Amino acid sequence: MQKLRPGKKDSLIQRINGQFEKKNNLEMIEVQNLNFRYKKDSRILNFPNITLNNSESLLILGRSGVGKTTLLHLLSGLLSPYHGAVVVDDVAIHELSPKRLDAFRGHHIGIIFQRNHAISTLTVEENLRARLFFSGRAINTVVIQQLLESLNIADCISHRTNELSEGQLQRLGIAMAVIHSPRVILADEPTSSLDDENCMKVIDLLKKQAELNDANLVVITHDQRITAHFSKTIFL
Amino acid sequence: MNIWSISIRNISSKPWYSALGLITLTLSITLLFGIQQLNYTVESKLNNDLGTIDLVLGAKGSPLQLVLSSILHIDNPTGNISYEAAEAVQRNPLVKIAVPISYGDNYKGFRIVGTTPDFPTLYNVEIVQGRGPKYTLEVVLGNDVAQKTGLDIGDTFESGHGLAANSLHHHERPMKVVGIYQPSGTVIDRLIVTGLDSVWELHEHHDHEDENSKEAGEEHYNKEITSLLVSFKNLSGLLKFSNTINRNTGMQAAIPRYELDRLFSFVGIGVKTISWIAFLILLLSGLMICLNLIQMVKDRSFDLALYRTYGASHLQLVMMLILEAFILVILALILGYILSQTTIYCVLYYTSLLPVGLPADFWFNSNIMNLIFIVLSVAIIAVSIAIYPVLKLNISKILSHEI
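Heads up: these notes are all about the structure in this document. No experiment lies behind these values; they were computed from the predicted model shown.

## Looking at the overall build of chain A
Link 1 in the chain: Looking only at helices and strands, chain A features seven helices and twelve strands.
Link 2 in the chain: Taken over 236 residues, chain A has a buried fraction of 54%.
Link 3 in the chain: Across chain A, every contact between residues at least 6 apart in sequence was considered, and the portion connecting residues at least 24 apart equals 72%.
Link 4 in the chain: Counting only carbon and sulfur atoms, one obtains 46% of the accessible surface of chain A, whose full area is about 10,800 Å².

## Focus: the packing of aromatic side chains
Link 1 in the chain: Here the structure, examined in full by the defined rule, presents nine aromatic pairs over all chains.
Link 2 in the chain: Relative to Tyr123(B), the ring of Phe119(B) has its centre 5.5 Å away and its plane inclined at 70°; by these criteria the two rings are edge-to-face.
Link 3 in the chain: Residues Phe232(B) and Phe241(B) carry aromatic rings whose centres are separated by 5.1 Å and whose planes lie at 75° to one another, so their mutual orientation is edge-to-face.
Link 4 in the chain: Residue class for Phe241(B) comes out buried when judged on its relative accessible area of 9%.
Link 5 in the chain: Chaining the aromatic ring pairs together yields one cluster made of Phe133(A), Phe134(A), Tyr307(B) and Tyr310(B).
Link 6 in the chain: Between the NZ or CZ atom of Lys207(A) and the centre of the ring of Phe230(A), over which it lies, the distance is 5.5 Å.
Link 7 in the chain: A cation over an aromatic ring shows up here: Lys14(B) above the ring of Tyr17(B), its NZ or CZ 5.4 Å from the ring centre.

## Focus on the packing of helix H3 (residues 98-108) of chain A against helix H9 (residues 301-310) of chain B
Link 1 in the chain: Closest axis-to-axis distance for the H3(A)/H9(B) pair is 6 Å, and the angle between their directions is 80°. The angle between H3(A) and H9(B) places the two elements in the roughly perpendicular class. Residues Asp102(A), Arg105(A) and Gly106(A) of H3(A) form the contact with H9(B), whose participating residues are Arg308(B), Thr309(B) and Tyr310(B).

## Some remarks on the sheet that holds strand E12 (residues 233-235) of chain A
Residues and elements named next belong to chain A.
Link 1 in the chain: The sheet built from five strands is open, its strands ordered E9-E10-E11-E6-E12 with parallel pairing. The open sheet terminates on both sides in strands that have one partner only, identified here as strand E9 (109-112) and E12. Strand-to-strand twist in this sheet, taken as the mean axis angle between neighbours without regard to direction, amounts to 15°.
Link 2 in the chain: Alignment of E9 against strand E10 (residues 184-188), held across four bridges, turns out to be parallel. Paired with Ile112 across the strands is Ala187, a residue of E10.
Link 3 in the chain: Of the strands in this sheet, E9 and E10 touch H3, which is tilted by about 75° from E9.
Link 4 in the chain: The strands that helix H7 (residues 196-212) touches are E9, E10 and strand E11 (216-221); relative to E11, the one it contacts most, it runs at about 155°.

## Thoughts on unusual backbone geometry
Link 1 in the chain: Phi at Asp90(A) is positive, roughly 70°, even though this residue is not glycine.
Link 2 in the chain: For Lys108(B), which is not glycine, the phi torsion reads 50° and is therefore positive.
Link 3 in the chain: Position of Lys108(B) relative to the elements: it lies in the loop between strand E3 (95-107) and strand E4 (110-115).

## Considering a nonpolar patch on the surface
Residue and element names in this part refer to chain B.
Link 1 in the chain: Nonpolar side chains collect at one region of the surface, where Tyr345, Tyr349, Tyr350, Trp363, Phe364 and Met369 lie side by side and expose about 720 Å² of accessible area between them.
Link 2 in the chain: Counting residues per element, the nonpolar patch draws most heavily on helix H10 (residues 314-350), at three residues.
Link 3 in the chain: Here Tyr349 lies in helix H10.

## Comments concerning the pairing of E11(A)
Residues and elements named next belong to chain A.
Link 1 in the chain: The buried fraction of E11 is high, at six of six residues.
Link 2 in the chain: The side-chain alternation of E11 yields two buried faces, one formed by Asn216, Val218 and Ile220 and the other by Leu217, Val219 and Thr221.
Link 3 in the chain: As judged from the five bridges shared by strand E6 (residues 57-61) and E11, these two strands associate in the parallel manner. Of the residues in E11, the one forming a bridge with Leu58 is Val218.
Link 4 in the chain: Two strands pair when backbone bridges link them, and E10 and E11 are joined in this way by five bridges, in the parallel orientation. By the bridge assignment for E11, Ile185 is matched with Leu217.
Link 5 in the chain: With H7 bridging E10 and the parallel E11, this β-α-β connection has right-handed handedness.

## Topic: the interface of chain B and chain A
Link 1 in the chain: Contacts between the two partners involve 25 residues from chain B and, on the opposite side, 30 residues from chain A.
Link 2 in the chain: For the pair chain B and chain A, the interface holds two salt bridges.
Link 3 in the chain: Between Asp102(A) and Arg308(B) there is a salt bridge, with its nearest N and O atoms 2.5 Å apart.
Link 4 in the chain: On inspection of chain B and its partner chain A, the count reaches six residue pairs in polar contact (both at pLDDT 80 or more).
Link 5 in the chain: For the side of chain B that touches chain A, the secondary-structure elements that each account for two or more residues are helix H1 (3-12), H9, H10 and helix H12 (395-399) of chain B.
Link 6 in the chain: For the side of chain B that touches chain A, the element with the highest residue contribution is H9(B), accounting for seven residues.
Link 7 in the chain: For the side of chain B that touches chain A, the class distribution of residues is eleven nonpolar, eleven polar and three charged.

## Considering the nonpolar core
Link 1 in the chain: Ranked by size, the top nonpolar core spans 119 residues in total, and within it Leu128(A), Phe134(A), Leu148(A), Leu172(A), Leu206(A), Val218(A) and Tyr307(B) carry the most contacts.
Link 2 in the chain: Discounting chain neighbours no more than four positions away, the residues touching Tyr307(B) are Ile119(A), Leu122(A), Ala130(A), Phe134(A), Ile6(B), Ala312(B), Leu317(B) and Met320(B).
Link 3 in the chain: Counting 31 residues, the second largest nonpolar core, distinct from the first, contains Val56(B), Leu72(B), Ile97(B) and Phe119(B).

Criteria and cut-off values
- Residues numbered from 1 in each chain as written.
- Chains lettered and ligands numbered in written order.
- Predicted model: local features only at pLDDT ≥ 70, side-chain atom pairs only at ≥ 80, totals over all residues.
- Heavy atoms only, no water.
- Helix = DSSP H or I, 4+ residues; strand = E, 2+ residues; numbered from the N terminus.
- Buried < 20%, exposed > 50% of the residue type's maximum accessible area, 1.4 Å probe, protein only.
- Contact = heavy atoms within 4.5 Å.
- Areas by Shrake-Rupley, 256 points an atom, 1.4 Å probe, with all protein chains shown as cover.
- Phe/Tyr/Trp six-rings, centres within 6.5 Å; stacked < 30°, edge-to-face > 60°.
- Lys NZ or Arg CZ within 6 Å of the ring centre and 35° of its normal.
- Axes fitted to C-alpha atoms, helices over the stretch in contact; angles between N-to-C directions.
- Parallel < 35°, antiparallel > 145°, perpendicular 65-115°, else oblique.
- Pairing = 2+ DSSP bridges.
- Patch = residues over 30% accessible without salt bridge, like charges linked within 9 Å, V, L, I, M, F, W, Y side chains within 5 Å.
- Salt bridge = Lys/Arg side-chain N within 4 Å of Asp/Glu carboxyl O.
- Right-handed = clockwise from strand over helix to strand, strands pointing away.
- Polar contact = N/O pair within 3.5 Å; in protein donor to acceptor, adjacent residues only side chain to side chain.
- Nonpolar A, V, L, I, M, F, W, Y, C, P; charged D, E, K, R; others polar.
- Core = buried A, V, L, I, M, F, W, Y, C linked by side-chain atoms within 4.5 Å.

Structural data, given as C-alpha cells:
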C-alpha cells in the first residue's frame, strides 16, 4: 500500500489511542489531492478534490480511459493512491490496515460493478446472505424479501444467479450494493449498456435505494443521458 | 450463510468434478490403507500364532517348511523324528517346556494334532466347554473348527488320512468331541487337538492294514512324532542350542521368529511395491487437489474478488478454499477407511487362506494413524500451494476485467 504524506493525512484525521475521532460536520466523503500511478506506467492520473455531504449524490462523467474505474476503486479502497487521501465517514480509508480496510469496505461501502455479476454457485437469497455475512451485518430474511420486492425480483429469490436475465442480474447487483445499509453507494457505468427507458429506471432505483439507506450515491459513467438526474457533477 | 455453507455450495455446484476428485482420492487411500492393513494383520496374526514357541525341532529339510507346517499349519511336514530324541530335549535344563506334536490326518480340512496337555499352554488357551482328552480318540475342537463344522461335545466323526480336505481314505475308528477351546485368534482355533496316543493308535491301525508288519502296543520310545515345539527359560542359549541340534543330531532346529522374518522379507518386496504405487497415486491425488484448487481460484477469481468487496478478508477466502479441499479429503479418508477395512475383514472372514479372527487393534492402530497423518500432510501441502494465488489476487484488476 502506498503511504500518504504525513502532513496531508494529519489534516484529515485525528487518531487518538488507535481510535478514530469523528469530526462534527456533515462531510461524508472527502477526496483531496488524489492521484494514482500504475506500477508499470509512468503516467500519473490526477483526480479532482471531492467533498460530499450526507446523502448527497454525485455524478462523475468522463470519457473512456481517463481513470473513472480507477477512481471508483480508489474511493472503495480497492486501490491505494500514489498521493492524496480518501476520507469516508471521517476515516482515511487508505490508512487502515488491510484487515480493517476489508471490514470497513464491507460495512460502509456498496459497489455496483460495470459487469453484472453475482456468485454463480449461490442462489439470489444466498448471495444476499453472503453479502450480509461478510459485511458483519445480521442476516434478516424479512429485509432480504422486502428489498427484493422493492426491486421486483422477489420471484427469483431461490434462483441460481446463472438463471437470471441481464435485467434481473442488474437489479440483484443493486440489491447486493445496498442490502447492508452502506453509507456510500458507488456505481460503475450502471447504465451504459441500457436503452433510454431502462437507463432511467436504473437511475431511479439507485437514487431511491440511496435515499432509503440515507447513503451517498456516486455514479461514475460516460453516459451523458443521466446528467440531469444529479445536482452535483464532476467531469474527469 | 457462513464460510462452511459457501464451501459446501461450491463443492455441490460442480458435482461431477467434485465426485471425480473424491473417487480418485478415495481409491488411493483405500489401496494405501488396504495393503498396509493386510500386511499388518497377517504379520500380527502370524506372530500371534507363534505363541511362546522359541524353537521347533523336526526332520531335516527346509527350516521355513518346518515352521510353516508345525507352527502355522499351512504346509506339509518335513518328516518325522523319534519320540525318544524329543524326550531327551525335554530333559535339557535350558528348556522351559517342550511339546511334541504329531499330525497327518484331517477332518474337513482341519488338521488333527496329537499332542500333550501342555500344547494349549503355549498359546494361553483354555477349554471353554467340556474337558481335555483323557482317553484315546477323544478330541478338543478349536473354536473356529466347532463353528464351521457344527460339531459339538459328544459328536463323533471319522478323520481323513492326510492333510487335504478331499482325502479319499477315512479312518474307520471314529473320534469323539469332548471339549471346545475358547476363541483365541491363534492357530489353535483352526486345529482339532487330541492325545499323541490317538494319532499313534490310528496310524498303527492304518499301518497294519497297509503293511501288516508292525506289532500293536509298541512303547513310546519307538514311536515317532512330527515335531517338538520348545519354549526356553531364557533366550540366551537359543542359538547355541539350535546349532548343536543341527550339527550333532539327525533333527533340524528352526527358530520361528527368524524364519518368519525371512518370509516377510520376501513377501515384503511385493507389499512395498504396492505401497509405493499407492503412495504415488496419493501424491497424484494431492497434485490433482492442488491443480483443481488453482484452476478453481482462476475460474472463480471474479467471485473471490467480489467476496473481498463484500468485506471478506484474505483469511476468510483462504479458509473457504481450505474447507473445500478438506471436506473432500476427510470424506475420502472416511470412505477409504471403511472400504479398505471392510474388504480386508471380508477377506479374512470368508476365506480360509488367512488366519481367522482379527488383531485386537485391527480397527485402529498406529499404521492407520500414520497413514492418516501422511494423507493429511499431502493435502496440507497441496492446499498451501493452491492458496498462494488467493493471497496475490489483484481485486482491482479482476473487477476492471483486466484479468
